Amino acid sequence: MALLKILVAFYINNPVTRSVVKGELISDLVNVTSNPDSQETPVTSPRRCYFGCATTAGTINCKIYFGGGPYLHYMSDVEDFTERVLTYTPLLINPKSKEEYFLDLRSIKVHGISVPINKKLLSINKKTGIGGTKIDIRIPYTTMETSIYKAFTNTYTEWVERYNANSSTSLNITMVSLVAPFTTCFNSSTVPMVNMFHRIETPSVSFIFPKSVWKIVLFDLVRVKDSVDCVGFLDGGSKPTTSIVIGALQIGFLEFDISRSRLGFGEPYIHEFM
């Protein structure tokens, strides 16, 4: 039997205004029991466990996995267990912020269209620690340095124009007035539906790493009010410490494999969010 103590700190940090609202600290104990005589249940061993539970809609619905994969979850609408298929990319060390998780992001695509980015912003300055890309589940939406954000939203608008020009139906994606803090919004009734049971060929947003691609299939848009969906990314300012901070909405499933210094990521399953 292994006795694990979990501390969960919950607070909301606004990366734009730099404000942090009051939260609470939850402490709990979890008993993990193994049967050494069973071939199906492995014996537990001491292991560092990293857990984060992010929320963007005021509610929290999370799963905790101990001891690494395989990761199995029950889909409420389908009487079957599905194993997570993860893709990996190395974790980077920022000499000025060694406690945070940085990634070697090389480029971004929006529906297959490359976003023009100043590559220097994606590199970490070894002397100052400025630049690069990191993971932070404490912030609700991915933030980008201003020039990256403008290029990103412009590329999104370019895709909308291409979609409307090539659409085989009379229904075009309609842009509407912005809803702060977002700047690119659409009439939700005109946005194409994602097939719930099959992957689409071209993901909404792709984070490109040297040897892998992180596909953001479902959570590039956020419903901000009735009939309005906005691109769920924010302007992080012209001089942020980190150029891109990947936030909670865009994170489907992550595995922090500290022993191998790598991050495993998987596409979200829509059944978990219905």
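See the structure above.
Residues numbered from 1 in each chain as written. Predicted model: local features only at pLDDT ≥ 70, side-chain atom pairs only at ≥ 80, totals over all residues. Heavy atoms only, no water.

Once that is clear, we can look at the nonpolar core. Membership of the largest hydrophobic core comes to 35 residues, with the highest contact counts inside it found for I108, F152, Y156, F207 and W214. Counting residues per element, the ones that place at least two in this core are β9 (107-110), α1 (146-166), β15 (205-208), β16 (213-216), β20 (244-246) and β22 (262-266). Here this core takes 7 residues from α1, the largest share from any one element. Excluding residues within four positions of it along the chain, F207 makes contact with L105, S107, I108, S212, V213, W214, I216, F233 and I246. Within the second largest apolar cluster, 12 residues are counted, among which are C185, F219, V222 and C230. (Core = buried A, V, L, I, M, F, W, Y, C linked by side-chain atoms within 4.5 Å. Buried < 20%, exposed > 50% of the residue type's maximum accessible area, 1.4 Å probe, protein only. Helix = DSSP H or I, 4+ residues; strand = E, 2+ residues; numbered from the N terminus. Contact = heavy atoms within 4.5 Å.)

With that out of the way, let us pick up the sheet that holds strand β14 (residues 185-187). The strand order across the open sheet formed by 4 strands is β13-β14-β18-β17, and the pairing between neighbours is antiparallel. Two strands bound the open sheet, and with one partner strand each, they are β13 (175-176) and β17 (221-225). Direction of pairing for β17 relative to strand β18 (residues 228-231): antiparallel, over a ladder of 4 bridges. Each bridged residue has a counterpart across the sheet, and for K225 the counterpart in β18 is V228. (Pairing = 2+ DSSP bridges.)

As a further point, take the state of the cysteines. Counting across every chain of the model gives 1 disulfide. Each sulfur of the disulfide joining C185 and C230 lies 2.0 Å from the other. Measuring the twist about the S-S bond at about 100°, one finds the C185-C230 disulfide to be right-handed. Of the two residues, C185 is situated in strand β14 and C230 in strand β18; the sequence distance between them amounts to 45 residues. (Disulfide = S-S within 2.5 Å.)

It is worth spelling out the pattern of salt bridges at this point. Applying the stated criterion across every chain yields a total of 6 salt bridges. The salt bridge partner of R106 is D104, with a shortest N-O separation of 2.9 Å. Its relative accessible area of 43% is what places R106 among the partly exposed residues. The salt bridge involving R262 is made with D257; its shortest N-O contact spans 3.1 Å. R262 gets classed as partly exposed once you look at its relative accessible area, which sits at 21%. (Salt bridge = Lys/Arg side-chain N within 4 Å of Asp/Glu carboxyl O.)

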